[in-house]
Amino acid sequence: MLSSDYGDEKVSEVLTKIVFINQLNEQEKQQWLAQIKTNLPEEIVVLSSDIASTDTEYVDIAIVANPSPEELARFQNLRWVQSLWAGVERIAPMLSDKATPLVRLIDPTLAQTMAESVLAWTLYLQRNMATYQQQQSEQLWQALPTVAAKDLRVTVLGVGELGVKSLNLLGKLDYQLQSWSRTEKHIEGVAHFSGEDGLSKVLKQTDILISLLPLTDATRYLLDKEKLGLLPHGAQLINFSRGAIIESEALIEKLDNGHITHAVLDVFEQEPLPVGSTFWQHPKVTVLPHISAPTNKETAVKIVADNIKQYRATGKVPDAVNMKLGY
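Okay, so let's go over this structure. Bear in mind the structure is a predicted one, so any value in this text is a computation, not a measurement.

**Examining the nonpolar core**
- Counting 31 residues, the largest nonpolar core has Val-154, Leu-170, Ile-210, Ile-238, Phe-240 and Val-264 as its most contacted members.
- Only helix H4 (108-126), strand S8 (153-157), helix H6 (161-170) and strand S11 (208-211) provide two or more residues apiece to this core.
- In terms of residue count, the dominant contributor to this core is H4 (nine residues).
- Here Phe-240 is in contact with Met-114, Ser-117, Val-118, Trp-121, Ser-211, Leu-212, Val-264, Asp-266, Val-267, Leu-288 and Ser-292, once residues within four sequence places are set aside.
- Counting residues in each nonpolar core, the second largest holds 29 residues, with Ile-245, Leu-255, Leu-265 and Phe-279 among its members.

**Comments concerning the sheet that holds strand S3 (residues 17-22)**
- Here we have five strands laid out as an open sheet, ordered S4-S3-S5-S6-S7, and parallel in their pairing. Across the chains shown, the open sheet's two edge strands, defined by having one partner strand only, are strand S4 (45-47) and strand S7 (102-103).
- In terms of strand pairing, strand S6 (residues 80-83) meets S7 through two bridges, oriented parallel. Looking at S7, one finds that Val-81 is bridged to Leu-102.
- Those strands touched by helix H1 (residues 26-39) are S3, S4 and strand S5 (59-65), and its axis lies near 165° from that of S4.
- With respect to the sheet, helix H11 (residues 297-314) is in contact with S3, S5, S6 and S7, its orientation differing from that of S5 by roughly 165°.

**Some points on the pairing of S8**
- Judged by how many residues are buried, S8 sits mostly within the fold: four of five residues are covered.
- Judged from the five bridges that link them, S8 and strand S9 (residues 176-181) form a sheet pairing that is parallel. Pairing of Thr-155 across the sheet is with Gln-178, part of S9.
- Regarding topology, H6 serves as the crossover connection from S8 to the parallel S9, and that connection is right-handed.

**Re the pairing of S3**
- With six of its six residues buried, S3 lies for the most part within the structure.
- Of the two faces of S3, both are covered, the one formed by Lys-17, Val-19 and Ile-21 as well as the one formed by Ile-18, Phe-20 and Asn-22.
- Bridge count for S3 against S5 is six bridges, and the pairing is parallel. Within S5, the position partnered with Phe-20 by the bridge is Ile-63.

**Quick look at the pattern of salt bridges**
- Scanning the entire structure with this criterion turns up 11 salt bridges.
- Here Arg-312 and Asp-60 are joined by a salt bridge, their closest N and O atoms 2.6 Å apart. You can see Arg-312 sitting in helix H11 and its partner Asp-60 sitting in strand S5, a full 252 residues away along the chain.
- Taking the relative accessible area as the measure of exposure, Arg-312 reaches 30% and is therefore partly exposed.

**Things to note about the side chain of Ser-68**
- With respect to the helices and strands, the residue Ser-68 is situated in the loop between S5 and helix H2 (69-73).
- Taking relative accessible area as the criterion, Ser-68 reaches 14% and is therefore assigned buried.
- At 3.1 Å, the side chain of Ser-68 and the backbone nitrogen of Glu-71 are in polar contact.

**Remarks on the packing of aromatic side chains**
- Per the counting criterion, the structure on display carries four aromatic pairs.
- Look at Trp-80 and Tyr-311: their rings are 5.7 Å apart centre to centre, the planes differ by 70°, and that puts the pair in the edge-to-face class. Of this pair, Trp-80 sits in strand S6 while Tyr-311 sits in helix H11, and the two are 231 residues apart along the sequence. A single burial state applies to Trp-80 and to Tyr-311, both of which are buried.

**Examining the side chain of Gln-236**
- On the secondary structure map, Gln-236 appears in strand S12 (residues 235-239).
- Excluding its chain neighbours within four sequence positions, the residues that come into contact with Gln-236 are Leu-125, Asp-207, Ile-208, Leu-209, Ile-260, Thr-261 and His-262.

**Brief notes about unusual backbone geometry**
- In this structure, Pro-272 follows Glu-271 across a cis peptide bond, with omega equal to -5°.
- In this fold, Pro-272 is placed in the loop between strand S13 (260-265) and helix H10 (278-281).
- One non-glycine residue, Asn-66, lies in positive phi territory at about 50°.
- Looking at the element boundaries, Asn-66 is found in the loop between S5 and H2.

**Regarding the sheet that holds S9**
- Here we have seven strands laid out as an open sheet, ordered S10-S9-S8-S11-S12-S13-S14, and parallel in their pairing. A single partner strand is all that each edge strand has here, and the edge strands are strand S10 (191-194) and strand S14 (285-287). For this sheet, the mean angle separating the axes of adjacent strands, direction not counted, is 15°.
- Looking at chain direction, S13 and S14 are connected through three bridges and run parallel. The residue bridging Ala-263 from the neighbouring strand is Val-285, located in S14.
- Packing against the sheet, helix H7 (residues 195-203) makes contact with S8, S9, S10 and S11, and its axis sits at approximately 135° to S10.

Rules used in this analysis
- Residues numbered from 1 in each chain as written.
- Predicted model: local features only at pLDDT ≥ 70, side-chain atom pairs only at ≥ 80, totals over all residues.
- Heavy atoms only, no water.
- Core = buried A, V, L, I, M, F, W, Y, C linked by side-chain atoms within 4.5 Å.
- Buried < 20%, exposed > 50% of the residue type's maximum accessible area, 1.4 Å probe, protein only.
- Helix = DSSP H or I, 4+ residues; strand = E, 2+ residues; numbered from the N terminus.
- Contact = heavy atoms within 4.5 Å.
- Pairing = 2+ DSSP bridges.
- Axes fitted to C-alpha atoms, helices over the stretch in contact; angles between N-to-C directions.
- Right-handed = clockwise from strand over helix to strand, strands pointing away.
- Salt bridge = Lys/Arg side-chain N within 4 Å of Asp/Glu carboxyl O.
- Polar contact = N/O pair within 3.5 Å; in protein donor to acceptor, adjacent residues only side chain to side chain.
- Phe/Tyr/Trp six-rings, centres within 6.5 Å; stacked < 30°, edge-to-face > 60°.

The following block contains the structure:
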């Protein structure tokens, strides 16, 4: 029986292995790997760089975090791929011409974290916090009008797990809650809109717009100049989904002419946000470094490990991404 060395482990080549493919920094990589191994003590989990080309055929599951297409393509016998992130728009195209299922991370802890961020930054906009910060820098003592929660129309685009959790938390206050998705949904206490016509209708009656949409072919630049122009004059927005949901130049134009009074942006088409980006210095933009819903290593790895254990016990792959829809 042939065998190979992987670090301190001597493993049989006839055994199936799990590969961890990532582009994380060394510290993050080792932290994730240690957590995965602790939760999967019966499995052989190795880094992609530690698997020789002659051994790739023995790998049947890949756990991935921003994998490169070249690394993922090395493994031709994968039964399925498990993402450590909720967003899979970068990974899905790598598997689009294969029958390999892609499983995204669905973590209730992440959904709760996102909901808290949505509430925090909605209150930030409601209570004029960005303007007060600017006034402090100018040593300007001036009270601003306050709008009550019951008088604010707050719309969430995208009502997956993150959207529903966010709407539930926003519902603790008296906002006039609205939501939109591709298909019809029913959410108690929320006026829901769907389809192209529904999007136009809801945008026209929105004071604070929150994007939690997945990035797909259908949602890329969904909020273009025309759609942003449907928002009432003075509307504000929060983007916690993906940078390419909003057309950047159109947004800057709407901010410059006062049609949109403030934007909280946590995601961008290029990350980290380049030094010369207009968003950094724009007085009507709050820039966040993609922190609205960071993945929790402990809960994420437990979910991944449970998925793999269930698969080993039953042979059933967890619910996978619909490649046509992109989520």
